[in-house]
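Now for the letters of each chain:
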Amino acid sequence: MKPVAVIDFETTGLSPALGDRATEVAIVILEGDQVVGRFQSLMNAGVRISPFIEAYTGISNEMVQAAPPAEEVMAEAARFVGATPMVAHNASFDQRFWEAELERLGSDTPAQPPFACTLLLSRRLYPEAGSYKLGSLAAFHALPSSGRAHRALADAEVAAALLARIQGDLQRDYELEHVPHELLLKVQKAQRKAVPKAIRSYFQAGSKP
DNA sequence: TGCCAGGCCCTCTTTAGGGCCTT
């Protein structure tokens, strides 16, 4: 069973292109349905946190001022992840911050496959869920909660539990031994009704389950 | 100067608009 790295960022806002920066990162390594590694750190990017964000995340200016520099934390996070394929909830958000913060390091980082996304996968697999917020999906699946929502490690743990659920459901429904990252990417890219066809074509193309 | 996300997905759609989701 190959590991995947489930990541969650807390940030000062929605867009690194508009100057927003990461304030906290957490990474959970998942093998099958088992968590085998965790990384979590606040980071100091030298930017102010707005009152809205402070209330939303519980991360204050005092907390990040006491944290290690963002470059140091991101370098350590990159070493922790290595070449492990990555997953996040609404992954386009976390992937943008991952790439933007790593780009600031100025060093070469290993090429990685695209992030798999538990939000896109849930839209494909659970059309009856209604809401696709991380907390709503956790309630829908009765996943265990682990700490304060909107803190990086708690959200990464919930996203990892959601991914384990998704992988388990795919294994059961399609009689798979395991669910490769590449298959998750195929499924999240397919239209909802085309998911079974996408899975069949993945294995007919010569990939082994 | 002032303003500013980006991508997905549904529908009263495709020569578009608006809601959702992440902080």
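Rules used throughout
Each chain carries its own residue numbering, running from 1 in the direction its sequence is written. By the order in which they are written, chains take letters starting at A while ligands take numbers starting at 1. Totals for whole chains, interfaces and linings use every residue, but because this is a predicted model, local features are given only for residues with pLDDT of at least 70 and side-chain atom pairs only at 80 or more, for both listing and counting. Processing note: side-chain calculations cover all non-hydrogen atoms of the structure and skip hydrogens and water entirely. Site definitions follow a grid-based scheme: protein atoms alone, a 1 Å grid, a 1.4 Å probe that fits but cannot get out for cavities, and for pockets an open set with protein on both sides within 12 Å along at least five of seven lines, plus lining residues having an atom within 4 Å of a point. Grid points are joined across faces, edges and corners, and a volume is the space filled by probe spheres set on the points. Polar here means any residue outside two lists: the nonpolar Ala, Val, Leu, Ile, Met, Phe, Trp, Tyr, Cys and Pro, and the charged Asp, Glu, Lys and Arg; Gly therefore counts as polar. The way it works is that DSSP assigns letters per residue, a run of H or I at least four long becomes a helix, a run of E at least two long becomes a strand, and they are numbered from the N terminus. UniProt positions are given in the numbering used here, feature names are shortened, and annotations may be inferred rather than shown by experiment. The pairing criterion for strands is at least two bridges between them, as found by DSSP. Throughout, a contact is declared for two residues whenever any of their heavy atoms are within 4.5 Å. Helix axes use the C-alpha atoms of the stretch in contact, all axes being lines fitted to C-alpha atoms, and the angles between their N-to-C directions lie in the range 0 to 180 degrees. Three labels apply to residues, based on accessible area from a 1.4 Å probe with only protein chains included: buried if under 20% of the type maximum, exposed if over 50%, partly exposed otherwise in between. Think of it this way: one heavy atom of a residue within 4 Å of a molecule or strand is enough to make that residue near it. Each polar contact in these results corresponds to two N or O atoms within 3.5 Å; when the atoms are within protein, one needs to be able to donate a hydrogen and the other to accept it, and residues that are neighboring in sequence are counted only if both atoms are side-chain atoms. Any Phe, Tyr or Trp ring, taking Trp's six-membered ring, that has another such ring centre within 6.5 Å forms a pair; planes under 30 degrees apart are called stacked, those over 60 apart edge-to-face, and the others tilted.

## Things to note about the layout of surface pockets
Space inside the largest pocket adds up to approximately 690 Å³. What lines the largest pocket is a set of 30 residues, among which Asp8, Tyr56, Leu134, His150 and Asp155 lie closest to the centre. Here the residues of the lining of the largest pocket sort into 15 nonpolar, ten polar and five charged. Counted as a void, the second largest pocket has a volume near 240 Å³. Forming the walls of the second largest pocket are 16 residues, and the residues nearest its centre are Lys2, Val4, Val179, Pro180 and His181. Listing elements by their share of the lining of the second largest pocket, those giving two or more residues are β2 (22-31) and α8 (181-189). With three residues, the single largest contributor to the lining of the second largest pocket is α8. Residue classes in the lining of the second largest pocket are distributed as eight nonpolar, four polar and four charged.

## Digging into the UniProt feature "domain: Exonuclease" (unreviewed entry) in chain A
As recorded in UniProt, the feature "domain: Exonuclease" (unreviewed entry) lies at residues 3-172. In residues 3-172, the share of helix is 43% and the share of strand is 19%. The end C-alpha atoms are 19 Å apart.

## A word on the sheet that holds strand β3 (residues 34-42)
Strand order in the open sheet formed by five strands is β3-β2-β1-β4-β5, with mixed pairing between adjacent strands. Sheet topology places β3 and β5 (116-117) at the edges, where each strand pairs with a single neighbour. Where strand β1 (residues 4-11) meets strand β4 (residues 86-88), two bridges bridge the pair, whose relative direction is parallel. Within the sheet, the bridge partner assigned to alanine 5 lies in β4 and is methionine 86. Against the sheet, helix α3 (residues 70-81) contacts β1, β2, β3 and β4, and its axis sits at roughly 170° relative to β3. Packing of helix α7 (residues 152-174) onto the sheet brings it into contact with β1, β2, β3 and β4, and relative to β2 it is tilted by some 30°.

## What to know about the pairing of β1
In terms of residue burial, β1 counts as a mostly covered element, since eight of its eight residues are buried. In β1, alternate side chains face the same way, and those of Val4, Val6, Asp8 and Glu10 on one face and Ala5, Ile7, Phe9 and Thr11 on the other are all buried. Examined bridge by bridge, β1 and β2 share eight bridges and lie antiparallel to one another. If you follow isoleucine 7 over to β2, its bridge partner there is isoleucine 27.

## Regarding the protein's contact with DNA strand B
Every one of the 27 residues lining DNA strand B counts as a neighbour, but Tyr56, Asn90, Arg124, Tyr132 and Leu134 are closest to it. Backbone atoms, meaning sugar plus phosphate, form 63% of the atoms of DNA strand B positioned within 4 Å of the protein. At 2.8 Å from a sugar or linking oxygen of DNA strand B is found a side-chain nitrogen or oxygen belonging to asparagine 90. A distance of 2.2 Å separates a phosphate oxygen of DNA strand B from a polar side-chain atom of arginine 124. Secondary structure elements with two or more residues in the surface near DNA strand B: β1, α1 (51-57), α4 (91-103) and α5 (118-125). Here the residues of the surface near DNA strand B sort into eleven nonpolar, eight polar and eight charged.

## Quick notes on the packing of aromatic side chains
Scanning the entire structure with this criterion turns up six aromatic pairs. Geometrically, the ring pair formed by phenylalanine 93 and phenylalanine 97 is tilted, given 4.9 Å between the ring centres and 50° between the ring planes. Of this pair, phenylalanine 93 and phenylalanine 97 are both found in helix α4, four residues apart, which corresponds to roughly one turn of the helix. Accessibility assignment for this pair places phenylalanine 93 and phenylalanine 97 in one class, buried. Through a chain of ring-to-ring contacts, three or more aromatic side chains come together here, namely Phe9, Phe93 and Phe97.

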